Amino acid sequence: MLCRQLPELSSQSFIERLAAKSGNRRIPWSGSFELTARCNMHCVHCYVGSSQGRELSTGEVLRILDQLEAQGCLWLLLTGGEPLIRPDFRQIYIHAKKKGFIITLFTNGTTITPTVSQYLAEWPPSSVELTLYGLTEQTYERVTGVRGSHKKCMRGIELLMRCGVPLTLKTMVMTENRHELWAMKSFAEGLGLRFYFDATINKRLDGDAGPASLRITPREVVDLDLADEKRSDDWKKLFKSYSGPPPDPDRLYVCGAGRTYFHIDSVGALSACLMSRDPSYDLRTGTFQEGWDQFLLRVVERKRTRATPCQACQLMAVCGQCPGFAFTETGDPEEPVTYLCEIAHLRARVFGYNIPSVP
Ligand code: SF4
Ligand code: SF4
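So, here's what we can say about the structure. Here the structure is a predicted model, which is why all the values come from computation and not from measurement.

This next bit is on the packing of aromatic side chains. On inspection of all chains with the given rule, the structure shows 11 aromatic pairs. Between tyrosine 93 and tyrosine 119, the aromatic rings sit 6.3 Å apart at their centres with planes inclined by 45 degrees, giving tilted as the arrangement. Here tyrosine 93, found in helix α3 (residues 89-98), pairs with tyrosine 119, found in helix α4 (residues 114-122); they are 26 residues apart in sequence, far enough to count as distant. Judged by its relative accessible area of 0%, tyrosine 93 falls in the buried class.

As a further point, take the sheet that holds strand β8 (residues 269-271). Strand order across the open sheet formed by nine strands is β6-β5-β4-β3-β2-β1-β7-β8-β9, with mixed pairing between neighbours. The open sheet terminates on both sides in strands that have one partner only, identified here as β6 (194-198) and β9 (281-282). Sheet topology places strand β3 (residues 102-107) next to strand β4 (residues 127-131); four bridges connect them, and they run parallel. In the sheet register, phenylalanine 106 faces β4, and the bridge partner there is glutamate 129. Across the sheet, helix α7 (residues 181-190) lies against β5 (167-172) and β6, angled at about 155 degrees from β6, the strand it touches most.

A few words now on the site of ligand 2. Surveying the vicinity of ligand 2 reveals the residues Pro309, Cys310, Cys313, Met316, Cys319, Gln321, Cys341, Ala344 and His345. Here the residues of the shell around ligand 2 are counted per class, giving seven nonpolar, two polar and no charged.

In this sheet, strand β7 (residues 261-264) lies alongside strand β1 (residues 30-34) in parallel orientation, the contact comprising four bridges. Bridging across to β7, phenylalanine 33 finds its partner in isoleucine 264. Strand direction decides the pairing type here: β7 and β8, joined by two bridges, are antiparallel. Looking across to β8, one finds that isoleucine 264 is bridged to leucine 270. Hairpin remark: β7 followed by β8, antiparallel, with four residues in the connecting loop; positive phi at glycine 268, about 90 degrees.

Here we come to unusual backbone geometry. With the exception of glycine, most residues fall at negative phi, and the peptide bonds are largely trans. For the bond from glycine 80 to glycine 81, the omega torsion is 25 degrees, close enough to zero to count as cis. By the element assignment, glycine 81 lies in the loop between β2 (75-79) and α3. With omega at 5 degrees, the peptide bond leading from aspartate 278 into proline 279 counts as cis. Relative to the assigned elements, proline 279 resides in the loop between β8 and β9.

Turning our eyes to something else, we now look at the packing of helix α8 (residues 218-227) against helix α12 (residues 338-350). Running from N to C, α8 and α12 point in directions that differ by 40 degrees, and their axes come no closer than 9 Å. In terms of orientation, α8 lies oblique with respect to α12. Note on packing geometry: the crossing formed by α8 with α12 is right-handed. Note on element contacts: α12 touches α8 through Tyr339, Glu342, Ile343, Leu346, Arg347 and Val350, opposite Pro218, Arg219, Val221, Val222, Asp225 and Leu226. Counted by class, the contact of α8 with α12 contains eight nonpolar, no polar and four charged residues.

To continue, consider the side chain of lysine 170. Take lysine 170: it is sitting in strand β5. We classify lysine 170 as buried; its relative accessible area is 9%. Separated by 3.2 Å, the side chains of lysine 170 and glutamate 129 make a polar contact. With sequence-adjacent residues up to four places away left out, lysine 170 is seen in contact with Phe106, Glu129, Leu130, Thr131, Leu132, Phe195 and Tyr196.

Once that is clear, we can look at the nonpolar core. Membership of the largest hydrophobic core comes to 93 residues, with the highest contact counts inside it found for Phe33, Leu65, Leu68, Leu78, Leu120, Leu169 and Phe262. For leucine 120, the residues in contact, after removing those within four places along its chain, are Tyr93, Leu105, Pro125, Val128, Leu160 and Val165.

Turning next to α7. All of the buried residues in α7 are Leu181, Met184, Lys185 and Ala188. For α7, the angular spread of the buried residues around the axis is 100 degrees, confining them to a single face. Turning to α7, the residues buried within the fold contact β5, β6 and α8. A positive phi of about 80 degrees marks glycine 192, the residue just after α7.

The next subject is the packing of helix α5 (residues 137-144) against helix α6 (residues 149-162). At a minimum axis separation of 8 Å, α5 and α6 run at an interaxial angle of 105 degrees. Taken together, the axes of α5 and α6 lie roughly perpendicular to each other. Where α5 abuts α6, its residues Glu137, Tyr140, Glu141 and Thr144 lie against Ser149, His150, Lys151 and Cys153. Grouping the constituent residues of the contact of α5 with α6 by class yields two nonpolar, three polar and three charged.

It is worth spelling out the pattern of salt bridges at this point. Summed over all chains, the structure comprises 23 salt bridges. Between arginine 204 and aspartate 208 there is a salt bridge, and its shortest N-O distance comes to 3.4 Å. For arginine 306, the salt bridge identified is with glutamate 335, shortest N-O distance 3.2 Å. Of this pair, arginine 306 sits in the loop between α10 (288-300) and α11 (323-330) while glutamate 335 sits in the loop between α11 and α12; the two residues are 29 residues apart in sequence, bridging distant segments of the chain. Salt bridges linked by common partners bring Arg38, Glu55, Arg86 and Asp88 together as one network.

So, how was this worked out
Residues numbered from 1 in each chain as written. Chains lettered and ligands numbered in written order. Predicted model: local features only at pLDDT ≥ 70, side-chain atom pairs only at ≥ 80, totals over all residues. Heavy atoms only, no water. Phe/Tyr/Trp six-rings, centres within 6.5 Å; stacked < 30°, edge-to-face > 60°. Helix = DSSP H or I, 4+ residues; strand = E, 2+ residues; numbered from the N terminus. Buried < 20%, exposed > 50% of the residue type's maximum accessible area, 1.4 Å probe, protein only. Pairing = 2+ DSSP bridges. Contact = heavy atoms within 4.5 Å. Axes fitted to C-alpha atoms, helices over the stretch in contact; angles between N-to-C directions. Near = heavy atom within 4 Å. Nonpolar A, V, L, I, M, F, W, Y, C, P; charged D, E, K, R; others polar. Parallel < 35°, antiparallel > 145°, perpendicular 65-115°, else oblique. Left-handed = near helix turned anticlockwise from the far one by under 90°. Polar contact = N/O pair within 3.5 Å; in protein donor to acceptor, adjacent residues only side chain to side chain. Core = buried A, V, L, I, M, F, W, Y, C linked by side-chain atoms within 4.5 Å. Arc of directions from axis to C-beta. Salt bridge = Lys/Arg side-chain N within 4 Å of Asp/Glu carboxyl O.

Written out as structure tokens, the structure reads:
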């Protein structure tokens, strides 16, 4: 029965009310949990790389989930590697659902079986986000490196849709699959599914620069923005209302990393965000509360140690530059990333933002 005392809220109003109530307090509303670094695919562009040690056991994962709930975490992204290859995934997932987290699940889709789709339907996540690496078998498997994976992925999509599991399709655009981007979009929209893409390929977390060779050029990235009506409108709106860089450009972290969100990797290392993994706090020997209240607070309060062009840049808040991306790219969290810098300047020019000169 619907409760007449409780008005229905859209998720946007819910988030706005939460933000208003919490003021400037640091609360770990949202986090990503990489349940494993292992995967059944060998994608050419994958940033995850090899695991740095012994994966968290079932008991350790459940204990951490309990601690996240106690600290107020609401939105939880379960990711990998491929999270569904953990034999205990179902146990972990249902435990997280019972804790009340609003869950997004990232998967490559090839591991979806009738059993998996049924329990996801019974315990629905907020969304399953499934990455398509190409529309044709040839392109898809050139990216994943695994024969038969395209068929399994298509089967996974079909199973999830048949069970009514909320599903979004997405892709990473790279030299290997850019020619099928619009076909992937039409395929998803033809099924009535949301589709989005990202073109900023990261180097591997272990420092391997290989994936960067698959990047499309900054000009191509912006041409894709222009070719997609919604993206183009979003960028125009963003630049129209853009009020310049954040108030304290000396801070290294100017986003919500370590203030409203966090990341936990497959060996239990807590860090400020999914891309910014160094430094980290060991949740095997400490608690999430200690890690969040003390360790991550020190991390995100760090100031820049030297002057870089980013510090005085008017585009700082609309550029993908961040300490995590910079660290994987250059080994230095403060160093500007040339690729992102070119994209940000091109976008500003193309979407009509005149960069004000700084006095
Ligand atoms: S499916 Fe995802 S995690 Fe697995 S190899 Fe590909 S990019 Fe990496
Ligand atoms: S990378 Fe370039 S565009 Fe981005 S914030 Fe730094 S200087 Fe500005």
